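Structural overview
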Amino acid sequence: MATTVYVLNGPNLNLLGTREPEVYGRATLKDVEALCHEAGARHGLAIDFRQSNHEGVLVDWIQEARAKNMAGLVINPAAYTHTSVAILDAVLATGLPTVEVHISNVHAREPFRRHSYLSPAAKAVICGFGIDGYRLAIDGLAAMLTSSKD
Ligand code: DQA
């Protein structure tokens with residue numbers, strides 16, 4: 001059984017910690033990565049953690065997850081959430097269980113953030129828990145993977 005989960009992060013998330021800290025907090029992307037490895041390890045899952053500011057690179061990585069038959073995907077597409085049919089199509093093509101994560105509560109912000117192209121393809125969506133949403137996503141994905149084995 002596949003035991004690696006890709007955790008993919010979209011544009012500007014490399015700036016976590018300094019970017020609008022009142023919205024996204026003071027933790028850095030390195031902190032998020034460490035939290036994901038800890039959460040994965042508790043479930044016997046390895047984490048491949050990546051960030052890109054480029055839509056096509058994210059699409060390539062999603063396709064790679066499919067080609068390498070990964071266990072699942074956790075993705076925060078950041079601004080591409082609200083614009084990218086390409087990321088939606090890539091996730092649909094993987095057939096992999098996918099959890100969409102947002103650090104902020106996108107529904108409590110500007111109206112344009114309320115629509116996600118990706119959500120219809122996601123098994124679950126988590127938003128508003130800060131960076132802890134990544135841990136919740138990995139815990140939830142692990143539970144899904146366990147129940148799909150039974
Ligand atoms: C975000 C929310 C998006 O609306 C925004 O464009 C981001 C980050 C979040 O994690 O809260 O860059 O995905």
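Here the structure is a predicted model, which is why all the values come from computation and not from measurement. (Residues numbered from 1 in each chain as written. Predicted model: local features only at pLDDT ≥ 70, side-chain atom pairs only at ≥ 80, totals over all residues. Heavy atoms only, no water.)

1. A short note on the sheet that holds strand S2 (residues 46–51)
With parallel pairing, 5 strands are arranged side by side in an open sheet as S2-S1-S3-S4-S5. Edge positions in the sheet fall to S2 and strand S5 (124–127), since each has one partner strand and no second. For this sheet, the mean inter-axis angle between neighbouring strands, taken without regard to orientation, is 15 degrees. By the bridge criterion, 4 bridges tie strand S4 (residues 98–102) to S5 in an arrangement that is parallel. Paired with Val101 across the two strands is Ile126, which belongs to S5. Taken strand by strand, helix H3 (residues 55–67) contacts strand S1 (4–9), S2 and strand S3 (72–76), and its axis lies near 170 degrees from that of S1. Strands S1, S2, S3, S4 and S5 of the sheet are contacted by helix H5 (residues 132–149), whose axis makes an angle of about 160 degrees with S3. (Pairing = 2+ DSSP bridges. Helix = DSSP H or I, 4+ residues; strand = E, 2+ residues; numbered from the N terminus. Axes fitted to C-alpha atoms, helices over the stretch in contact; angles between N-to-C directions. Contact = heavy atoms within 4.5 Å.)

2. Description of the packing of aromatic side chains
With the rule as written, the count across this model stands at 0 aromatic pairs. Here the guanidinium or amino end of Arg50 rests over the ring plane of Tyr6, the centre of that ring lying 4.6 Å away. (Phe/Tyr/Trp six-rings, centres within 6.5 Å; stacked < 30°, edge-to-face > 60°. Lys NZ or Arg CZ within 6 Å of the ring centre and 35° of its normal.)

3. Here's the deal with the packing of helix H2 (residues 29–42) against H5
As a packed pair, H2 and H5 sit with axes 9 Å apart at the nearest point and diverge in direction by 25 degrees. One way to sum up the angle between H2 and H5 is to call them roughly parallel. Crossing of H2 against H5: the hand is right-handed. Between H2 and H5, the contacting residues are Val32, Leu35, Cys36, Ala39, Gly40 and Arg42 on the first element and Tyr134, Arg135, Ile138 and Asp139 on the second. By residue class, the composition of the contact of H2 with H5 is 6 nonpolar, 1 polar and 3 charged. (Parallel < 35°, antiparallel > 145°, perpendicular 65-115°, else oblique. Left-handed = near helix turned anticlockwise from the far one by under 90°. Nonpolar A, V, L, I, M, F, W, Y, C, P; charged D, E, K, R; others polar.)

4. Brief notes about unusual backbone geometry
Positive phi values are uncommon outside glycine, yet Asn12 reaches one of about 75 degrees. Topologically, Asn12 is positioned in the loop between S1 and helix H1 (21–24). On the accessibility criterion, Asn12 (35% relative accessible area) is partly exposed. A positive phi is found at Glu20, a non-glycine position, where the angle reads about 35 degrees. Judged by its relative accessible area of 37%, Glu20 is partly exposed. (Buried < 20%, exposed > 50% of the residue type's maximum accessible area, 1.4 Å probe, protein only.)

5. Overview of the site of the ligand
As a structural note, the neighbourhood of the ligand is formed by Arg19, Tyr24, Asn76, Ala78, Ala79, His82, His102, Ile103, Ser104, Val106 and Arg113. A distance of 2.8 Å separates an oxygen atom of the ligand from a polar atom in the side chain of Asn76. The side chain of Arg113 places a nitrogen or oxygen atom 2.9 Å from an oxygen atom of the ligand. Coverage of the ligand by the protein chains reaches 99% of its 320 Å² of free accessible surface. Per-class residue counts for the shell around the ligand are 5 nonpolar, 4 polar and 2 charged. (Near = heavy atom within 4 Å. Polar contact = N/O pair within 3.5 Å; in protein donor to acceptor, adjacent residues only side chain to side chain. Areas by Shrake-Rupley, 256 points an atom, 1.4 Å probe, with all protein chains shown as cover.)

6. Focus on the pairing of S3
Burial of S3 is extensive: 5 of the 5 residues sit out of reach of the surface. Every second residue of S3 is oriented toward a common face, with Gly72, Val74 and Asn76 on one face and Leu73 and Ile75 on the other, all of them buried. The pairing of S3 with S4 spans 3 bridges and is parallel. Residue pairing for S4: Leu73 is matched across the bridge by Thr98. Between the parallel pair S3 and S4, the chain is carried across by helix H4 (residues 85–94), and the sense of this crossover is right-handed. (Right-handed = clockwise from strand over helix to strand, strands pointing away.)

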